[in-house]
Amino acid sequence: MSFVHDLFRILPNFAALDMKTAIVGGGAAGFFAAVNLKEMMPGMHIDILERSQHVLSKVEISGGGRCNCTNSFRQVRDLSAVYPRGHRLMKRLFNVFDHRDAYQWFERHGVPLVVQDDECVFPEAQDAHAVIDCFMSLARQHGIAIRRGRKVQSLDDVRDYDFVVVATGGSPTGQGLQWLAALGHEMEPPVPSLYSLRIDDQALTALQGLVVNDTIAHIPGTKLRASGPLLITHWGVSGPAILRLSSYAARHLAENLFQVPLSIHWVQLNDQEVQAALYDTAIRQPHKLLGTFNPFGLPQRLWTFLLEKSLDKRSQIRWTELNKKDVNRLVNVLINDSFLTAGRAPFKDEFVTCGGVSLKAVNPSTLESRHVPHLYLAGEVLDVDGVTGGFNFQAAWTTAYTVARSIVAAAGEDRH
Ligand SMILES: Cc1cc2nc3c(=O)[nH]c(=O)nc-3n(C[C@H](O)[C@H](O)[C@H](O)COP(=O)(O)OP(=O)(O)OC[C@H]3O[C@@H](n4cnc5c(N)ncnc54)[C@H](O)[C@@H]3O)c2cc1C
């Protein structure tokens, strides 16, 4: 081995002195890849090529403007529950860079974080600009060039670069994936994920604004179900349980044009438990009207709605008058309230794309394309997406960091 060879091995940065990387896409994954690559390899010349005039625009609106940048993962037992697509890849790449690394990274780079009771992690400033300012100031400090209005549509557009990182985000229509498909990358058809559902039922939507804490939303005839708080809106239903269901059922819902039967369990109890609670109340509160005593702690307006829906005129009776038929009807509406969804709500609460570049198209350890050497993919452009709670940004940080590390290794290799 020559002296020069050894020198490049020890100082990979030295090897990058005349190397250039194009980061295509100035979003979360693009910036994270750029900044980390520069920190690992200060000699690398890096350009971020962004098609629009605005960078980090999703970060700015994320988490209601507060940016839920990761999750503590304390309540996550199985990654497939939070990454319906890509959980195996995430498990592998968490060995390289996981949520703890992300947490430390932000704190080390001047963005103190807080973990909420629901395990979601936000900047202590409760403002997404804390993350944006961090990235922008690091980019400035490191001399990373941000080239706005530069839409990349072919390899020819980045021919002057030694390495290319594609971090173009989700492409709901698939248009943004065409140039990658033309290069031979396998694709998973894009469909939306993380949206509210429309239900045309005036009696339900009259309850808009109500939050029911422990629900299960389920698509009958499938194993697709999600639990958690549910919000009734003027359109239908939303909240964590519904957003999660829209993620687990993303393909099923899209295939059925978002019109499917939906069963809502307003309480997380089985039929015997609900029956027992009803009979118990009939014994303890015999003279109270059904409407004035609600044994499940449900919001009063919802309880009235459920009584009227299941018992109609008998909803006015006293607990002592409750008969077996009433109990069966009430059980049914409490743990299997049936609706038909009429579509998805148009609001982009936290909309992500399921699908994108298939994971078959990349080396799972380096995220280098199997079709184009020195081209890497990071973030939502890949067929990886998570439920709400900071998991999508975590996927962006993890994949972007992996790509930065892979380029450092490849840049060193190339000089040997
Ligand atoms: C309203 C909303 C709120 C959200 N809140 C959260 C949250 O709180 N927590 C969470 O974890 N996730 C959240 N998400 C999801 C999260 O924002 C995305 O998963 C994440 O931004 C993906 O990062 P990315 O860098 O892969 O893609 P993006 O952030 O979409 O960035 C891609 C960039 O590439 C640019 N681009 C695209 N094509 C080209 C091209 N051909 N040439 C050049 N540039 C191109 C785009 O203009 C864009 O700037 C939210 C999403 C939305 C819409």
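Residues numbered from 1 in each chain as written. Predicted model: local features only at pLDDT ≥ 70, side-chain atom pairs only at ≥ 80, totals over all residues. Heavy atoms only, no water.

Student: Go over the site of the ligand, please, and point to the residues and values.
Tutor: Near the ligand lie 31 residues; those nearest to it are A29, E50, V152, E380 and F393. R51 is positioned such that a nitrogen or oxygen atom in its backbone is 3.1 Å from a nitrogen atom of the ligand. In isolation the ligand offers 1,000 Å² of accessible surface; the protein chains occlude 94% of this area. Sorting elements by how many residues they give to the shell around the ligand places helix α16 (residues 391-414) first, with three residues. Taken together, the residues that form the shell around the ligand break down as eleven nonpolar, eleven polar and nine charged. (Near = heavy atom within 4 Å. Polar contact = N/O pair within 3.5 Å; in protein donor to acceptor, adjacent residues only side chain to side chain. Areas by Shrake-Rupley, 256 points an atom, 1.4 Å probe, with all protein chains shown as cover. Helix = DSSP H or I, 4+ residues; strand = E, 2+ residues; numbered from the N terminus. Nonpolar A, V, L, I, M, F, W, Y, C, P; charged D, E, K, R; others polar.)

Student: Report on the sheet that holds strand β2 (residues 45-50), specifying residues and quantitative values.
Tutor: The strand order across the open sheet formed by five strands is β6-β2-β1-β7-β17, and the pairing between neighbours is parallel. Single-partner strands in this sheet number two, and they are β6 (145-148) and β17 (375-377). Across the sheet, the mean angle from the axis of one strand to that of its neighbour is 20°, orientation sign disregarded. Bridge analysis of β2 against β6 gives four bridges, and the strand direction is parallel. Bridge assignment links D47 to a residue of β6, and that residue is A145. Along the sheet, helix α3 (residues 28-40) makes contact with β1 (20-24), β2, β6 and β7 (163-166), crossing β2 at roughly 175°. (Pairing = 2+ DSSP bridges. Axes fitted to C-alpha atoms, helices over the stretch in contact; angles between N-to-C directions. Contact = heavy atoms within 4.5 Å.)

Student: Give me helix α15 (residues 324-335): which residues, what numbers.
Tutor: Taking 1.5 Å per residue, twelve residues should reach 16 Å; α15 reaches 17 Å between its end C-alpha atoms and fits that length. Taken together, the buried positions of α15 are D326, V327, L330, V331, V333, L334 and I335. Residues of α15 that are buried sit in contact with β13 (261-265), α13 (271-284), α14 (300-311) and β14 (337-340). If you check the start of α15, you find a side-chain oxygen 3.1 Å away from the backbone N of K325, and it comes from N323. (Expected span 1.5 Å × (residues − 1). Buried < 20%, exposed > 50% of the residue type's maximum accessible area, 1.4 Å probe, protein only.)

Student: Describe the pairing of β2, listing the residues and the values that go with them.
Tutor: Within β2, five of the six residues are buried, leaving the element largely enclosed by the surrounding structure. Strand direction decides the pairing type here: β1 and β2, joined by five bridges, are parallel. Note that in β2 the partner of I23 across the bridge is I48. Regarding the hand of the β-α-β motif, the stretch spanning β1, α3 and β2 is right-handed. (Right-handed = clockwise from strand over helix to strand, strands pointing away.)

Student: Before we move on, could you go through the side chain of N68 and cite the residues and values that matter?
Tutor: With respect to the helices and strands, N68 occurs in the loop between α4 (57-61) and β3 (70-71). We classify N68 as buried; its relative accessible area is 9%. Of the polar contacts made by the side chain of N68, one reaches the backbone oxygen of V121; its length is 3.0 Å. At a separation of 2.9 Å, a polar atom in the side chain of N68 contacts the main-chain amide nitrogen of G390.

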